[in-house]
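Report on the structure
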Amino acid sequence: MLELDERVIDTDAPQYNASLVARSDETESLGYFTVKFDGSATPFLSGQYMTIGVFVVDPTTPTGTKIVQRPYSVASDPGIADSTGYELYVRLVQGGLFTPLLWRLPLGHRMRMIGPKGKFTLEPDDDRTHLFISSGTGNAPFVSMMKMLLREGRPRKAVFLNGVSYAGDLGYRALLEGWERDSAMGSGGYPVQYIPTVSRPSAPENAGWSGRSGRVEAIVAPVCAELGLTPDNTIAYICGNPDMILAAEETLLGLGFPEPQVKKELYWPKGKEPTGGGTSTDE
Ligand SMILES: Cc1cc2nc3c(=O)[nH]c(=O)nc-3n(C[C@H](O)[C@H](O)[C@H](O)COP(=O)(O)OP(=O)(O)OC[C@H]3O[C@@H](n4cnc5c(N)ncnc54)[C@H](O)[C@@H]3O)c2cc1C
């Protein structure tokens, strides 16, 4: 159940330079949000992030309001930032400072957006198989990378691992399954092997699930063995939950991957809990 958040959001701060122009909900606590600048977009590279925020009333500050903002990997193609905006795939963190505010915003609400930032970008001209490993919403930067490569007509072969608690939490599932199917049939798509996994296979929510089970970091070694992914033919990118990232990295280093061939984006520092003491379920 969603917690009540009674903070007053400033609807018209002069610092606002963007608006929430689209939103669609995957579940009660997972959503796709598109934020668009008032003016021209700032160009970004797939894998980079934007920081979005709103001002809330706070009588303890000299101005009476303060910004609450957080960074989000862009999931959309950089090529549509100007016309459509930046799509972000976000999990609501119960007890978190920003996401409960984001969930309350109506379409058209004004926002502050800055960026891009970040170095979690594709290595130029690397034709090896791209092993994309993510937990939860950590799949966002990989979706952007693939959309961009597709548009440029030079998709790089990819193996896409995404771990969640429940199958219903698999964001971009239809898109990825569609890409995989079309490519296998030789009718477009993206040359990707999509390998989702659920960490709670016996939960009622996962009834009927016939895919892999276990945490995503636990399927890295078996998938590499099954598909013949080696340090010679593969480069790895890992994004999301820090514990998952460190475990997956350890596995890859153990398989002989040199450290620079394992790129990482941590969504929060290891060991940190939500500010308000809430819990989260991104696996
Ligand atoms: C470079 C970067 C890119 C990011 N991109 C995304 C993204 O694309 N999508 C996204 O949902 N989040 C992303 N995050 C996380 C995001 O910035 C916020 O930390 C998150 O939305 C929680 O904000 P909050 O203010 O509600 O919670 P806070 O009060 O800041 O609490 C933070 C705590 O919430 C938990 N938490 C944070 N993010 C998640 C999450 N995704 N799933 C589960 N628990 C979480 C952790 O315990 C963390 O310590 C990214 C973070 C970084 C550093």
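Let me sum up the structure you'll find in this document.

Cut-offs used in this document
Residues numbered from 1 in each chain as written. Predicted model: local features only at pLDDT ≥ 70, side-chain atom pairs only at ≥ 80, totals over all residues. Heavy atoms only, no water. Helix = DSSP H or I, 4+ residues; strand = E, 2+ residues; numbered from the N terminus. Rg over C-alpha atoms; globule rule 2.2 N^0.38 Å. Buried < 20%, exposed > 50% of the residue type's maximum accessible area, 1.4 Å probe, protein only. Axes fitted to C-alpha atoms, helices over the stretch in contact; angles between N-to-C directions. Parallel < 35°, antiparallel > 145°, perpendicular 65-115°, else oblique. Left-handed = near helix turned anticlockwise from the far one by under 90°. Contact = heavy atoms within 4.5 Å. Nonpolar A, V, L, I, M, F, W, Y, C, P; charged D, E, K, R; others polar. Pairing = 2+ DSSP bridges. Salt bridge = Lys/Arg side-chain N within 4 Å of Asp/Glu carboxyl O. Expected span 1.5 Å × (residues − 1). Arc of directions from axis to C-beta.

1. Quick look at the overall build of the protein
Counting its secondary structure elements, the protein contains five helices and twelve strands. Expected size for 283 residues packed as a compact globule is a radius of gyration near 19 Å; at 19 Å, the protein falls within 12% of this value. Seen along its three principal axes, the alpha-carbon backbone of the protein occupies a region of about 60 × 40 × 35 Å. Residues counted as buried form 49% of the 283 residues belonging to the protein.

2. Here we look at the packing of helix 4 (residues 216-227) against helix 5 (residues 242-254)
For the pair helix 4 and helix 5, the least separation of the axes is 8 Å and the interaxial angle reads 20°. In terms of orientation, helix 4 lies roughly parallel with respect to helix 5. Here the hand of the crossing between helix 4 and helix 5 comes out right-handed. Contacts between helix 4 and helix 5 involve V216, E217, V220, A221 and C224 on the former and, on the latter, M244, A247, A248, T251 and L252. Residues of the contact of helix 4 with helix 5, tallied by class, amount to eight nonpolar, one polar and one charged.

3. What to know about unusual backbone geometry
With an omega dihedral of 10°, the bond running from G115 to P116 counts as a cis peptide bond. Here P116 is to be found in strand 6 (residues 110-117). Although it is not a glycine, D125 sits at a positive phi angle of roughly 55°. Along the polypeptide, D125 turns up in the loop between strand 6 and strand 7 (129-135). With a relative accessible area of 68%, D125 lands in the exposed category. Here the phi dihedral of Y172 falls at roughly 65°; this positive angle occurs in a residue that is not glycine. As for its position among the elements, Y172 is in the loop between strand 8 (158-164) and helix 3 (173-184). Given a relative accessible area of 8%, Y172 falls into the buried group.

4. Brief notes about the pairing of strand 5 (residues 86-91)
Counting buried positions over the six residues of strand 5 gives five, a clear majority of the element. Taken together, the six bridges between strand 2 (residues 30-37) and strand 5 define a ladder with antiparallel strand orientation. Paired with F33 across the two strands is L88, which belongs to strand 5.

5. Details of the pattern of salt bridges
Counted according to the given criterion, the structure contains 14 salt bridges. In this structure, D38 and R110 form a salt bridge, with 2.8 Å as the shortest nitrogen-oxygen distance. Placement of D38 in the loop between strand 2 and strand 3 (49-57) and of R110 in strand 6 is noted, with a sequence separation of 72 residues between them. Overall, the relative accessible area of 48% leaves D38 in the partly exposed class. The partner of R91 in a salt bridge is D169, and the shortest N-O contact between them spans 3.6 Å. Of this pair, R91 sits in strand 5 while D169 sits in the loop between strand 8 and helix 3, and the two are 78 residues apart along the sequence. Each member of the pair, R91 as well as D169, carries the same accessibility label: buried. What emerges from the salt-bridge pattern is a single network uniting D5, R7 and R104.

6. Here's the deal with helix 5
For helix 5, spanning 13 residues, the distance from its first C-alpha to its last is 18 Å, which sits close to the expected 18 Å at 1.5 Å a residue. Within the sequence span of helix 5, burial applies to P242, M244, I245, A248, E249 and L252. Projection of helix 5 onto a plane perpendicular to its axis shows the buried side chains occupying an angular sector of 150°, all on one side. Residues of helix 5 that are exposed and point over 90 degrees away from its buried face: E250 and G254. As for helix 5, its buried residues are in contact with strand 7, helix 4, strand 11 (234-240) and strand 12 (262-266). Residue G256 follows helix 5 closely and has a positive phi angle near 100°.

Structural measurements only, silent on function.
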